[in-house]
Amino acid sequence: AFSPDGQKVLTASADRTAKLWSTASGECSLTLVGHRDWVSSAAFSPDGQKVLTASADRTAKLWSTASGECSLTLVGHRDWVSSAAF
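The following refers to the structure shown. All residue numbers here refer to positions counted from 1 along the written sequence of the relevant chain. Only residues with pLDDT of at least 70 get local features here, since the model is predicted, and only at 80 or more are side-chain atom pairs given and counted; chain-wide, interface and lining totals rely on the full set of residues. Only hydrogens and water are set aside when side-chain values are computed; all heavy atoms of the structure are taken into account.

## Things to note about the nonpolar core
- For this analysis, a nonpolar core means a set of buried residues of the types Ala, Val, Leu, Ile, Met, Phe, Trp, Tyr and Cys, connected via side-chain atoms within 4.5 Å. Buried, partly exposed and exposed residues are distinguished by accessible area as a fraction of the type maximum, computed with a 1.4 Å probe on protein chains only: under 20%, between the cut-offs, and over 50%, respectively. Counting residues in each nonpolar core, the largest one holds nine residues, listed as Leu10, Ala18, Leu20, Leu30, Leu32, Ala42, Phe44, Val51 and Trp63.
- Those elements giving two or more residues to this core turn out to be β2 (17-22), β3 (28-33) and β4 (39-44).
- Each residue touching tryptophan 63, except ones within four places of it in the same chain, is listed here: Leu32, Val33, Gly34, His35, Gln49, Lys50, Val51, Thr53, Gly68, Glu69 and Cys70.
- Core analysis: the next-biggest nonpolar cluster, separate from the first, contains five residues, Leu52, Ala54, Val81 and Ala84 among them. Elements are defined by DSSP. Helices are runs of H or I of four residues or more, strands are runs of E of two residues or more, and each kind is numbered from the N terminus. By definition, residues are in contact when any of their heavy atoms lie within 4.5 Å.

## A few points about the environment of glycine 34
- Structurally, glycine 34 is set in the loop between β3 and β4.
- Accessibility expressed as a relative area gives 37% for glycine 34, which makes it partly exposed.
- With 18 residues separating them along the chain, glycine 34 and arginine 16 place their C-alpha atoms 7.5 Å apart.

## Remarks on the sheet that holds strand β1 (residues 8-12)
- Ordered in space as β1-β2-β3, the three strands form an open sheet in which the pairing is antiparallel. Pairing within the sheet leaves two strands with one partner each, and these edge strands are β1 and β3. Strand-to-strand twist of the sheet, defined as the mean angle between neighbouring strand axes without regard to direction, takes the value 15°. Note: two strands are recorded as paired if DSSP finds a minimum of 2 bridges between them. Axes here refer to lines fitted to C-alpha atoms; in helices the fit is confined to the stretch in contact. Angles between the N-to-C directions go from 0 to 180 degrees.

## With respect to the pairing of β3
- Of the strand pairs in this sheet, β2 and β3 are connected by five bridges, and their pairing is antiparallel. Paired with leucine 20 across the strands is leucine 30, a residue of β3.
- Between β2 and β3, which pair antiparallel and follow one another directly, the connecting turn spans five residues, one of which, glycine 26, has a positive phi of 80°.

## With respect to the pairing of β1
- Of the strand pairs in this sheet, β1 and β2 are connected by five bridges, and their pairing is antiparallel. Note that in β2 the partner of threonine 11 across the bridge is lysine 19.
- Turn length for the β1-β2 hairpin, with the two strands adjacent in sequence and antiparallel, is four residues, and the turn residue arginine 16 shows positive phi of about 75°.

Next up, the structure:
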């Protein structure tokens, strides 16, 4: 997913992380670590300040794009969470 300003790309991975990448340099600027299983989906908030991830660990997490800190973990699904969207 592209950030609202087009300066970053967000990817989700089977390595249990999501990553933010610079569209200018192609370098990883932030790695979001905290899921216990593969990350199936990731999305930017409309203002680009937050990222929502969905995972096979049956949670969704809300992250800060500035710090990479998880501010909220949504728990309650009985199976993997397949999609994240704002």
